[in-house]
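Summary of structural features
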Amino acid sequence: MIALGCDHGGFPLMAEVIKYLEEQNIPFKNFGTFSDESVDYPKFGKLVAHAVADGTCEKGILICGTGIGISIAANKVKGIRAALCGDVFSAKATREHNNANILAMGARVTGPGLALEIVKAFLETPFSNDERHIRRINQIED
Ligand code: RB5
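By convention here, each chain's residues receive numbers from 1 onward along its written sequence. It should be noted that, the model being predicted, local features are given only for residues of pLDDT at least 70 and side-chain atom pairs only at 80 or more, the latter also being counted only at that level, while totals for whole chains, interfaces and linings use all residues. With hydrogens and water excluded, all non-hydrogen atoms of the structure serve as input to the side-chain values.

1. Some words on the site of the ligand
With respect to spatial proximity, the complete set of residues near the ligand consists of Asp7, His8, Tyr41, Cys64, Gly65, Thr66, Gly69 and Arg108. Between an oxygen atom of the ligand and a main-chain N or O atom of Gly69, the distance comes to 2.9 Å. Counted as a polar contact is a pair of N or O atoms within 3.5 Å, where, for protein atoms, one must be capable of donating a hydrogen and the other of accepting one, and residues adjacent in sequence contribute only when both atoms are in side chains. Here an oxygen atom of the ligand and a side-chain polar atom of Arg108 are 3.3 Å apart. If the ligand stood free it would expose 290 Å²; the protein chains cover 72% of that surface. It suffices for a single heavy atom of a residue to lie within 4 Å of a molecule or strand for the residue to be listed as near it. Every accessible area reported is derived by Shrake-Rupley at a probe size of 1.4 Å, with residue values counting cover from the shown protein chains alone.

2. Notes on the sheet that holds strand E1 (residues 2-6)
On the basis of which strands lie adjacent, the open sheet formed by five strands has the order E2-E1-E3-E5-E4 and parallel pairing. Every other strand in the sheet has two partners, leaving strand E2 (28-30) and strand E4 (82-84) as the edge strands with one partner each. Shown here is a sheet whose adjacent strand axes are inclined to one another by a mean of 20°, direction ignored. Between any two strands, at least two bridges found by DSSP are needed for them to pair. Counting from the N terminus, the helices are DSSP H or I runs at least four residues long and the strands are E runs at least two residues long. One ladder, built from three bridges, connects E4 with strand E5 (residues 102-106); its direction is parallel. Bridge assignment links Ala83 to a residue of E5, and that residue is Leu103. In what follows, residue pairs with any heavy atoms lying within 4.5 Å of each other are defined as contacts. What counts as an axis is a line fitted to C-alpha atoms, over the stretch in contact for a helix, and the angles between N-to-C directions run from 0 to 180 degrees. Strands in contact with helix H2 (residues 41-53) are E1, strand E3 (59-64) and E5; relative to E3, the strand with the most contacts, it is inclined by about 170°. Lying on the sheet, helix H5 (residues 112-124) is in contact with E1, E3 and E5; it crosses E5 at an angle near 170°.

3. Some words on the nonpolar core
The nonpolar core is taken to be a set of buried Ala, Val, Leu, Ile, Met, Phe, Trp, Tyr and Cys residues, with the residues joined through side-chain atoms within 4.5 Å. Burial here depends on accessible area, computed with a 1.4 Å probe over protein chains only, as a share of the maximum for the residue type. Under 20% is buried, over 50% is exposed, and the range in between is partly exposed. Residues Met14, Val17, Ile61, Ile63, Met105 and Val119 are the most contacted members of the largest nonpolar core, which totals 23 residues. Among the elements of the structure, E1, helix H1 (11-23), E3, E5 and H5 are those that each provide at least two residues to this core. Excluding residues that lie within four positions of it along the chain, Met14 makes contacts with Leu4, Gly5, Cys6, Ile61 and Ile63. With 16 residues, the next largest nonpolar core counts Phe31, Phe44, Ala49 and Ile80 among its residues.

4. Some details on the pattern of salt bridges
Basic side-chain nitrogens of Lys or Arg form a salt bridge, by our definition, when they fall within 4 Å of a carboxyl oxygen of Asp or Glu. Counted under the stated rule, the structure contains seven salt bridges. With its nearest N and O atoms 3.2 Å apart, the salt bridge here joins Lys120 to Glu124. One end of the pair is Lys120 and the other is Glu124, both in helix H5 and four residues apart, which spans about a single turn. Note on Glu124: relative accessible area 52%, which makes it exposed. The salt bridge partner of Arg135 is Glu131, with a shortest N-O separation of 2.9 Å. Here Glu131 and Arg135 lie together in helix H6 (residues 131-141), a separation of four residues that amounts to about one turn. For Arg135, a relative accessible area of 37% gives the class partly exposed. Here Glu131 falls in the exposed class, since its relative accessible area comes to 54%.

Quick look at the structure:
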């Protein structure tokens, strides 16, 4: 189950992500926002972060205008590794190296075509399980 969250800035791109997940039959839980009316991004970043941290959802996708504010908010929750990605290489690498559990994107930065390639890479790339990466991730939590 993928947890989804966005603010008004991320809302149009989130609609594209939802369409993609539905086409791929990937289950998701949408925590909103549900319109382009102005809202505060920390609320949605934290809702998704808590759903991932408590195991309700396996991974999350967060979108705001830049992807910055909403990823900063999510990363305040213990156990969350939210990675702001604007390219496919980073999405793949953050899964392999950081075992990132939330993908953040900026709807005003990244177009829908690239964004869906990023989502695909993020969801399909497994963690490497390499000892050095596990050690470094553990050091983040210290
Ligand atoms: C909203 O205008 C905008 O500040 C927000 O979407 C995001 O970019 C914040 O980091």
